[in-house]
Structures are given as C-alpha cells and as structure tokens.
Amino acid sequence: FRLASALSDHMVLQREKPIAVWGWADAGESVTVSFAGQSKSATAGTDGKWSLKLDAIAASAEPRALLVTGKEGRKVEVKDVLVGEVWLGSGQSNMAMTVAGCYHFDDEKALAKFPLIRHFRESSGPAEKPQAEGRGAWQICTPDTVGGFSAALYFFGREIHKEVGVPVGLINTSVGGTPIESWVAAEVQSSDPETKANYDTRLDTFLKFDPAQAPVLHQEQLAIWKAASEKATANGTPFVTPPPKDPLAMWKLKGGPAGLFNGKVVNLVPYTLRGMLWYQGEGNAGNPGLYEKQLSQLVTSWRTLWSDEVPFAWVQLPNYRDSDSESWPRIRESMMKVLALPKTGMAITIDIGDPKDIHPKNKQDVGKRLSFWALSTVYGKNVAAISGPLPAGSKIEGASIRVSLKHADGLKTRDGA
C-alpha cells in the first residue's frame, strides 16, 4: 500500500490543472485520496495499480497533508505539500551539474533561503523494460541543500518563483554522458525509418558489450586520447577534449537505447507538470545529422506519454572548442529547427559557454534565459528578451552576404557597433 516515489513529503503539486495521484494497493481495493478539502476514490486493478485526478486548485504556500486511505485502516500521509508550478528537467551532465559546481557557489549558497522551492532528484538507474516505480526524494531549498540541486533547473526555478510568486517544484531526471537515444522509447526510435538503423546499431553495440574487456578498451582509449593531447601540445594547439570515461561505468550508467527512458522517465508519469526543460546534445556530436529528428521524437513522444502538450524548451549548445569543428554547430542548427514544433523555446548560450570546458560554470544565465522564455510565453510577463538572436534569412549582395536576425535587441559586434 504505497504511492509513487515522486508523491512524497515536501512535494509541490501543479496549480490550476487536474492533479494526478497514483500508487499501488491490493487488487480490487478501494483507495481514497484527500487533499485541500476534496476527496476522490479509485479501485486498484488486477496489477494493484490505481490512479485518479484531484480537481484543479489554486497555488498555496500553506503546508498541507495529502492523505491516502484503504481497507482495514491502511493509510499513507504525505506531509508538507505545497501547490504551485512544477517543471521537469532532463538531459546529460550539464543538466545534472549541481549548484555546487557553478560560479560563486559560496554566494549562491548563502542566498539560497527559498523554502517554497523544492527539488526532486530521480535516482533510479537504466532498465531494459519500462519501470512503473522509481526512486527519489524531495528536498526543500536551503543553504545546506542547494549545492546538490540541478543548477540549470534551480536558477530557472528561482526566477519563476520570484516573478510569479508561487511555490516551485523542480523534478530532475538526468545522467551525465548520455546520448538522446537513452531517453526515447524503443518503439519510437525503432518504428521511424530515419532512426531505426541508428537504434539497431546502438542496441547491437550494447548487447555485445563485454564487461570483462572493458579495462582493456579503456586503456586503448586513454592511449589514443593521450597521443592526441601530446600532439596538440607540441603544435601549440589548445586541446580540450576530456579524457574518455570508463566504458564499464558508462555501460552501467546509460544502459542500452531507451534504457533511461525506461528507468527514469516512465515512472514519473503522470505527475502533473507545467512544462519540461532539456539540456543535452554533447553526447550526439558524433552523429549530428540525426539530431533534429531525435529531438523532435523526444518532445513529441514525452508529450504523448503525459497526454499533455506542455511547453517544452531546451538549451542550445554553447561555444566549445571541440576537436570536430562541424559537429556542435550542426547540433545547434538542429535545435533551432525543432522550434517549428508548437509551444517550444530555446535558450541561446553561444556567448556564455567556455571554449575550454565542456561543463561551463555559468548556469545562472542559462537558467535566467530559460526563464525569460517561460515568463513571456507561459506566464504572460513582460521580459527583456524572449530569445537571443536567431537567423531569419540571408541575401547575397555582390561580394557580401547580408544576414537578417530576429530577437536581435542588444546584439553588437565585438568592437561594440
């Protein structure tokens, strides 16, 4: 007799939308959920799972309890429940990167007295099949806890909290070093002609991986990386490619294609959300031509999974001096093209990355730029700029090309013109 892991103490529920509540009991057991003056009942199916939706309610900073009761006096009480805005964030290491790893952490830590901001870290691993249950816990934002929050999510949520004035819940399900294939359902990837061959190859590679050979493979990869690093140093060329990670550790961390979707996304459905945020792409630089289709699949399929066309935004990859000068720009262009989907947005970060660090420490501006999009398009607020500059066409004029841009307020050349 239990609730889903995300429905736990200190959670934030989404305001002004029907609130999904679900859990498990004995097959056929009648379950009643009581919260904020209303009660709803459901009956557990043959697999023991039940779900229902509470009526939409207004935002509230008052800590209240959500009570679930069943037969023979069985009950679960969830304490310190707030109602406000809930956003889910996912991706690889730059979404997983914590506030403790960002610029000015000591200052940020001292300022982090926001008891109405809550962070849920989904801590399950990958899985071969979709998992109904996950792991994780909600934390209240304090100077002692904020260091472990997703930085991109926290700095986004802080702006939403300040400007909208309601509690904010941030659900973080992210894993460093992961390609987008890990986060999209197997049937979505394998049923599309554009992504099927890539999916089949990824799956075959995963299934053929030999853990016993991983140490040998790692040493080979390290030798190649070291040789490239020494060559670049001898030539006076900056070399910023990070050393290869342990293949066995990454194999366990990522699982096969769809592994993290199965283990860290499905179990969060149908938690009621306002929107979703995505920071990933570095892990797909080896095959940038497919990323437009893959990101479109992710956005569309996650919305279908939640049965809700929620607003969805992502962080466009920043500047980084990669060994392959073409791959990151192509990923950026793919991200721009996916803006054709409805209710989507993109934080442009070309100017706030670090050419020498694949994990830029300025996540404050990343969160703020995501918040500008949300505050304007989702919350109807007046903001400085909904987006950074985006190309809007070009025209050849003799020996020159004139490029037009939209959202270009404040754009200037390096010399200030």
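Quick note: structure is the one above.
This one's a predicted model, so the numbers in the text were calculated from it and none came from an experiment.

Engineer: Honestly, the packing of aromatic side chains in this entry has me stumped. Any pointers?
Structural biologist: Here the structure, examined in full by the defined rule, presents 13 aromatic pairs. Ring centres of Trp183 and Trp278 lie 6.3 Å apart, and the angle between their planes is 85°; on these two criteria the pair is classed as edge-to-face. A residue pair is termed long-range when its members are at least 10 positions apart, and Trp183 in the loop between strand E11 (168-174) and helix H4 (186-190) and Trp278 in strand E12 (residues 275-279) qualify at 95 residues. Assigned by exposure class, Trp183 and Trp278 land together as buried.

Engineer: Just checking my understanding: could you explain unusual backbone geometry for this structure?
Structural biologist: For residues besides glycine, phi is generally negative; the peptide bonds are generally trans as well. The amide bond that connects Val269 to the next residue, Pro270, takes the cis arrangement and shows omega of 10°. One can find Pro270 in the loop between helix H8 (259-264) and E12. At Asp80, a residue that is not glycine, the phi angle is positive and equals roughly 55°. Looking at where Asp80 falls in the secondary structure, it is placed in strand E8 (residues 75-91). One non-glycine residue, His407, lies in positive phi territory at about 55°.

Engineer: Where do I start with the state of the cysteines in this structure?
Structural biologist: A covalent bond bridging the sulfur atoms of two cysteines is what the word disulfide describes. Going through the model one piece at a time under the given rule, you end up with 0 disulfides. Free cysteine Cys102: the closest other cysteine sulfur is in Cys141, separated by 13 Å. Residue Cys102 is classed as buried on the basis of its relative accessible area, which comes to 7%. On the basis of relative accessible area, Cys141 is assigned to the buried category, the value being 1%.

Engineer: I would appreciate a short explanation of a nonpolar patch on the surface in the present structure.
Structural biologist: Side chains of Ile396, Ile401, Val403, Leu405 and Leu411 sit close together on the surface and give an oily, nonpolar patch of about 500 Å² of accessible area. At 3 residues, the largest contribution of residues to the nonpolar patch is made by strand E16 (residues 400-406). For Leu405, the position within the fold is in strand E16.

Engineer: I tried to follow the environment of Leu248 on my own but got confused; where do I start?
Structural biologist: Structurally, the position occupied by Leu248 is in helix H7 (residues 247-254). As for Leu248 and Gln213, which are separated by 35 residues in sequence, their C-alpha atoms are 8.9 Å apart. Other than its neighbours up to four places away in sequence, Leu248 contacts Phe209, Pro211 and Ala214.

Engineer: I tried to follow the pattern of salt bridges on my own but got confused; where do I start?
Structural biologist: Close approach of charged atoms lets side chains of opposite charge pair. Summed over all chains, the structure comprises 21 salt bridges. Residues Glu181 and Arg202 are paired through a salt bridge, measuring 3.3 Å at the closest nitrogen-oxygen approach. Placement of the pair is Glu181 in the loop between E11 and H4 and Arg202 in helix H5 (residues 193-208), with a sequence separation of 21 residues. Using a relative accessible area of 2% as the deciding quantity, one classes Glu181 as buried. Put simply, Asp357 and Lys361 hold a salt bridge, and the shortest N to O gap is 3.2 Å.

Engineer: What exactly am I supposed to notice about helix H10 (residues 327-337) here?
Structural biologist: Since the α-helix turns once every 3.6 residues, residues separated by three or four places project in the same direction. Taken as a whole, H10 has its buried residues at Ser327, Trp328, Ile331, Arg332, Ser334 and Met335. Within H10, the buried residues cover an arc of 160° as seen down the axis, which keeps them to one side. Contact partners of the buried residues in H10: helix H9 (291-306), strand E13 (312-315) and strand E14 (344-347).

Engineer: Sorry, what's going on with the packing of helix H3 (residues 151-164) against helix H11 (residues 363-377) here?
Structural biologist: When two helices pack together, their arrangement is given by the angle between the helix axes and the distance between those axes. The contact between H3 and H11 brings their axes to 7 Å, and the two run at 45°. As judged from the angle between their axes, H3 and H11 are oblique. Pair H3 / H11 crosses with right-handed handedness. Within the contact between the two elements, H3 uses Ala151, Ala152, Phe155, Phe156, Glu159, Ile160, Glu163 and Val164 and H11 uses Lys363, Gln364, Val366, Gly367, Lys368, Leu370, Ser371, Ala374 and Leu375. When its residues are assigned to classes, the contact of H3 with H11 shows 10 nonpolar, 3 polar and 4 charged.

Engineer: Explain the nonpolar core here, please?
Structural biologist: One finds Val21, Trp50, Leu66, Tyr271, Trp278 and Trp302 to be the most contacted residues of the largest nonpolar core, which totals 68 residues. Excluding residues that lie within four positions of it along the chain, Trp50 makes contacts with Leu3, Val21, Trp22, Gly23, Trp24, Ala25, Val31, Val33, Ala42, Thr43, Ala44 and Val68. Grouped together as the second largest cluster of nonpolar side chains are 34 residues, Cys102, Phe114, Val164 and Val366 included.

Engineer: Would you explain the sheet that holds strand E6 (residues 49-54) in this entry?
Structural biologist: Strand pairing in a sheet takes place through backbone hydrogen bonds and is either antiparallel or parallel in direction. Taken in spatial order, the 3 strands line up as E1-E3-E6 in an open sheet, and their pairing is antiparallel. Two strands bound the open sheet, and with one partner strand each, they are strand E1 (2-3) and E6. Bridge analysis of strand E3 (residues 19-24) against E6 gives 6 bridges, and the strand direction is antiparallel. Looking at the pairing, Ala20 lines up with Lys53 of E6.

Engineer: Would you mind showing me how to read the side chain of Arg332 here?
Structural biologist: On the secondary structure map, Arg332 appears in helix H10. Residue Arg332 is classed as buried on the basis of its relative accessible area, which comes to 12%. Engagement of the side chain of Arg332 in a polar contact is seen with the backbone oxygen of Leu317, the distance being 2.7 Å. Setting aside its immediate chain neighbours within four residues, Arg332 contacts Gln316, Leu317, Pro318, Asn319, Tyr320 and Ile350.

Engineer: Help me out: how do you make sense of the pairing of strand E5 (residues 38-43) in this one?
Structural biologist: Walk down a regular strand and you will see the side chains alternate between the two sheet faces. Inspection of the sheet shows strand E4 (residues 30-35) paired to E5 by 6 bridges, in the antiparallel sense. By the bridge assignment, Phe35 is partnered in E5 with Gln38. Linking two consecutive strands that pair antiparallel, namely E4 and E5, is a turn of 2 residues; a positive phi of about 50° is found at Ala36 within it.

Rules behind the numbers
- Residues numbered from 1 in each chain as written.
- Predicted model: local features only at pLDDT ≥ 70, side-chain atom pairs only at ≥ 80, totals over all residues.
- Heavy atoms only, no water.
- Phe/Tyr/Trp six-rings, centres within 6.5 Å; stacked < 30°, edge-to-face > 60°.
- Helix = DSSP H or I, 4+ residues; strand = E, 2+ residues; numbered from the N terminus.
- Buried < 20%, exposed > 50% of the residue type's maximum accessible area, 1.4 Å probe, protein only.
- Disulfide = S-S within 2.5 Å.
- Patch = residues over 30% accessible without salt bridge, like charges linked within 9 Å, V, L, I, M, F, W, Y side chains within 5 Å.
- Areas by Shrake-Rupley, 256 points an atom, 1.4 Å probe, with all protein chains shown as cover.
- Salt bridge = Lys/Arg side-chain N within 4 Å of Asp/Glu carboxyl O.
- Contact = heavy atoms within 4.5 Å.
- Arc of directions from axis to C-beta.
- Axes fitted to C-alpha atoms, helices over the stretch in contact; angles between N-to-C directions.
- Parallel < 35°, antiparallel > 145°, perpendicular 65-115°, else oblique.
- Left-handed = near helix turned anticlockwise from the far one by under 90°.
- Nonpolar A, V, L, I, M, F, W, Y, C, P; charged D, E, K, R; others polar.
- Core = buried A, V, L, I, M, F, W, Y, C linked by side-chain atoms within 4.5 Å.
- Pairing = 2+ DSSP bridges.
- Polar contact = N/O pair within 3.5 Å; in protein donor to acceptor, adjacent residues only side chain to side chain.

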